[in-house]
Amino acid sequence: MSAARQAGLTVPGDLMVVGFDNTDNAIMTTPTLTTVNQPRYRMGYTACNILLERMKGAAAPQSMTMKTELVVRESTTRSRA
């Protein structure tokens, strides 16, 4: 967003920005950053369980899907005139 500002662009007027991970920094930017919230605790917990199972000789899962959430903030919201 800083580079956009330096280029004379406005966020979200000219450019909309979406981040990933929903860290605390997302609400400390101006404008606040729309982001994808990942289940970080659940990801870590699951990874540890997979590791423990692998240590016992179990096969690793081929793939895994976890729910995420889009947190819409100012960087993708246009004000209504």
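Scroll up a little and you will see the structure.
Scope of this entry: the structure provided in the associated data block. Predicted model only: the values in this text are computed from it and were never measured.

Some words on a nonpolar patch on the surface
A grouping of Val 18, Leu 70 and Val 72 is seen on the molecular surface, where their side chains present a nonpolar patch of about 290 Å² in accessible area. The residue Val 18 is located in strand E1 (residues 18-20) in this model.

A short note on the sheet that holds strand E3 (residues 69-71)
With mixed pairing, the three strands of this open sheet are ordered in space as E1-E2-E3. In this open sheet, the two strands that pair with only one neighbour each are E1 and E3. Averaged over all neighbouring strand pairs, the angle between strand axes comes to 25°, with direction disregarded. Where E1 meets strand E2 (residues 34-37), three bridges bridge the pair, whose relative direction is parallel. Bridge pairing in E2 links Phe 20 to Val 36.

Some points on the environment of Arg 40
Structurally, the position occupied by Arg 40 is in helix H2 (residues 40-55). With residues up to four places along the chain from it excluded, the contact list for Arg 40 reads Asp 21, Asn 22 and Thr 23.

Details of the packing of aromatic side chains
Aromatic ring pairs are reported here in terms of the distance separating the ring centres and the angle at which the planes meet. According to the stated counting rule, one finds one aromatic pair in the structure shown. Aromatic pair Tyr 41 and Tyr 45: ring centres 6.2 Å apart, planes at 20°, arrangement stacked. You can see Tyr 41 and its partner Tyr 45 sitting in helix H2, four residues apart, about one turn around the helix. Exposure remark for Tyr 45: the relative accessible area of 42% places this residue in the partly exposed category.

Cut-offs applied
- Residues numbered from 1 in each chain as written.
- Predicted model: local features only at pLDDT ≥ 70, side-chain atom pairs only at ≥ 80, totals over all residues.
- Heavy atoms only, no water.
- Patch = residues over 30% accessible without salt bridge, like charges linked within 9 Å, V, L, I, M, F, W, Y side chains within 5 Å.
- Areas by Shrake-Rupley, 256 points an atom, 1.4 Å probe, with all protein chains shown as cover.
- Salt bridge = Lys/Arg side-chain N within 4 Å of Asp/Glu carboxyl O.
- Helix = DSSP H or I, 4+ residues; strand = E, 2+ residues; numbered from the N terminus.
- Pairing = 2+ DSSP bridges.
- Axes fitted to C-alpha atoms, helices over the stretch in contact; angles between N-to-C directions.
- Contact = heavy atoms within 4.5 Å.
- Phe/Tyr/Trp six-rings, centres within 6.5 Å; stacked < 30°, edge-to-face > 60°.
- Buried < 20%, exposed > 50% of the residue type's maximum accessible area, 1.4 Å probe, protein only.

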